[in-house]
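Read off the chains here:
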Amino acid sequence: KFEFNPKDGIDNPALSLAEDTDGEGVGEPRFYLLSKDSTETFGFCLHEELGCQGHVIRQVELGGLAQRRGLQDGDRLLQVNGHFVDHMDHRTVVQKIKASGNQVLLAVLDGGSYEAAKVLGRDLSQMLPADIRPRLCHITRDRSGFGFSVSGPEGVKGTFQLSVRQDGPAERAGVPPGSWLLELNGASVRSYSHAQLARKVCGPGAGGRGSGASNVTEHPAFPIQLKQSGNKVTLLVASSAVEEFYRLRGLQITAALADTSWLPFKVRELHMVKGPAGYGFLLKEDDCISGAIGQFLWDVDAGLPAEQAGMKEGDRLLAVNGESIEGLDHQQTVLRIRARDDQVTLLVIDPAGDEFYQSVGFGDPAWSHP
């Protein structure tokens, strides 16, 4: 049942397109996009219970975000941001939710259906779409350009489909042919007309039916020159199947939900065994690019475990031993590093990658780590 909430708007309702069961007591998964601000919680707890299979939704806060969206006590969590989690360690699943920041996409199954599916030996992963994530693609132009063009119906705002040149920069960067453009360099294109987008990315006088225009799906198109973007551009794109998935459920696609595997900016996992002189680095608290407080790695000593593991001056620390440090202060982070006497695993990102993720609104880059 769809209910309009004037406070939340209509971007995030949960909608199951097949509420009927299959005759064996197994219903369909439900999808919820929970978006909060930094002062809120998602409004539920995730439990691991003796004698009860799966990751169980409990303590759904009355009037909270989860309840307003439709999560119910006893639901079983199947997916977090498009990742199947039913088979994962409970602590890992909790960390994945925390690492997603202020927005998370959950797929759940009601408790009765979950138990019935287990009795029947169903593969729960087969009940879910194979890929529901948009892609973040960072394209570096070559001599012939960026390797894509864009088309859209005249008079319709925010509808732009991409035609991708075979073996061009866009294809190599992971842009699927026929995908839909959602964001350009971290900014939504939803409010742009075709002509406005042309002026935005190509400068005055571009777009429309001008020189070099082509026809894609029988709509006027123009080649993207992207002169204002220099030699690099970042696109948030969705294949037709992914776009349809979100549209039919009334869910908004954002960069926070994106598949980042195509990006050149990677988080790094550093495993270190303490030597006689320690690990060989200093942890300092400082302001992040976003304005929040972060923990940074400096004074990396030559030849010691930190340098040997690949630590670089200015790396920002994201997680310790697989657990995000988001929300921890300096002393708490130090204690977590020291929790194991002789070894530690740190998840870090370099300044260029950190700046990139902030610019496109991705949130915590720790989520991009598999």
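- Under an unreviewed UniProt entry, the name given to the protein is NHRF4 protein, and the source organism is Rissa tridactyla.
- Recorded under Subcellular location (unreviewed entry), the UniProt text for the protein is reproduced unchanged: "Cell membrane".

### Points about the pattern of salt bridges
Oppositely charged side chains can form a pair if their charged atoms are brought close together.
Moving on, step 1. Taken as a whole and assessed by the stated rule, the structure comprises 13 salt bridges.
Moving on, step 2. A salt bridge links Asp-315 to Arg-268, with the nearest nitrogen and oxygen atoms 2.5 Å apart. Placement of the pair is Asp-315 in the loop between helix H7 (305-309) and strand S18 (316-320) and Arg-268 in strand S15 (residues 268-273), with a sequence separation of 47 residues.
Moving on, step 3. Among the ionic contacts, a cluster of salt bridges with common partners joins Glu-49, Arg-58 and Asp-73.

### Details of the nonpolar core
Moving on, step 1. By size, the foremost hydrophobic cluster in this structure holds 36 residues, and its most contacted members are Phe-31, Leu-105, Leu-136, Tyr-246 and Tyr-357.
Moving on, step 2. Beyond its immediate sequence surroundings of up to four residues, Leu-136 is in contact with Thr-234, Leu-235, Leu-236, Ala-255, Ala-258, Asp-259, Thr-260, Trp-262, Leu-263, Val-360 and Phe-362.

### Comments concerning the environment of Ala-173
Moving on, step 1. For Ala-173, the location among the structural elements is in the loop between helix H4 (169-172) and strand S10 (180-184).
Moving on, step 2. Classification of Ala-173 as buried rests on a relative accessible area of 7%.
Moving on, step 3. For the pair Ala-173 and Thr-140, spaced 33 residues apart in the sequence, the C-alpha separation amounts to 8.2 Å.

### Some words on a negative patch on the surface
Moving on, step 1. Residues Glu-285, Asp-286, Asp-287 and Asp-329 make up a contiguous surface patch of negative charge.
Moving on, step 2. Among the structural elements, Asp-286 can be located in strand S16 (residues 282-287).
Moving on, step 3. The exposure class assigned to Asp-286 is partly exposed, which follows from its relative accessible area of 46%.

### Description of the packing of aromatic side chains
Aromatic rings in a pair are described by how distant their centres are and how their planes are angled relative to each other.
Moving on, step 1. Under the defined criterion, the tally for this structure stands at five aromatic pairs.
Moving on, step 2. Between Phe-265 and Phe-356, the aromatic rings sit 4.4 Å apart at their centres with planes inclined by 20°, giving stacked as the arrangement. Of this pair, Phe-265 sits in the loop between helix H6 (240-248) and S15 while Phe-356 sits in helix H9 (residues 351-359), placing them 91 residues apart in sequence.
Moving on, step 3. A residue is classified by how much of its surface remains accessible, and Phe-265, at 19% relative accessible area, is buried.
Moving on, step 4. Between the aromatic rings of Phe-356 and Tyr-357, the centroid separation amounts to 5.7 Å while the plane-to-plane angle is 75°, which identifies the pairing as edge-to-face.
Moving on, step 5. Each residue in the set Phe-31, Phe-245 and Tyr-246 is aromatic and connected to the rest through ring pairs, giving one cluster.

### Considering the pairing of strand S8 (residues 148-151)
Side chains on a regular strand alternate between the two faces of the sheet.
Moving on, step 1. Of the two faces of S8, the one holding Phe-148 and Val-150 and the one holding Ser-149 and Ser-151 are both buried throughout.
Moving on, step 2. As paired strands, S8 and strand S9 (residues 161-164) are joined by four bridges and run antiparallel to one another. If you follow Ser-151 over to S9, its bridge partner there is Gln-161.

### Focus on H6
Moving on, step 1. The complete set of buried residues in H6 reads Val-242, Phe-245 and Tyr-246. The buried residues of H6 occupy one face: seen down the axis, they fall within an arc of 90°.
Moving on, step 2. Here the buried face of H6 lies against strand S1 (30-35), strand S6 (103-109) and strand S14 (232-238).
Moving on, step 3. Of the residues one or two after H6, Gly-250 is the one with positive phi, at around 70°.

Cut-offs and rules
- Residues numbered from 1 in each chain as written.
- Predicted model: local features only at pLDDT ≥ 70, side-chain atom pairs only at ≥ 80, totals over all residues.
- Heavy atoms only, no water.
- UniProt positions renumbered as here; feature names shortened; annotations may be inferred.
- Salt bridge = Lys/Arg side-chain N within 4 Å of Asp/Glu carboxyl O.
- Helix = DSSP H or I, 4+ residues; strand = E, 2+ residues; numbered from the N terminus.
- Core = buried A, V, L, I, M, F, W, Y, C linked by side-chain atoms within 4.5 Å.
- Buried < 20%, exposed > 50% of the residue type's maximum accessible area, 1.4 Å probe, protein only.
- Contact = heavy atoms within 4.5 Å.
- Patch = residues over 30% accessible without salt bridge, like charges linked within 9 Å, V, L, I, M, F, W, Y side chains within 5 Å.
- Areas by Shrake-Rupley, 256 points an atom, 1.4 Å probe, with all protein chains shown as cover.
- Lys, Arg positive; Asp, Glu negative; His and termini not counted.
- Charge placed at Lys NZ, Arg CZ, Asp CG, Glu CD.
- Phe/Tyr/Trp six-rings, centres within 6.5 Å; stacked < 30°, edge-to-face > 60°.
- Pairing = 2+ DSSP bridges.
- Arc of directions from axis to C-beta.

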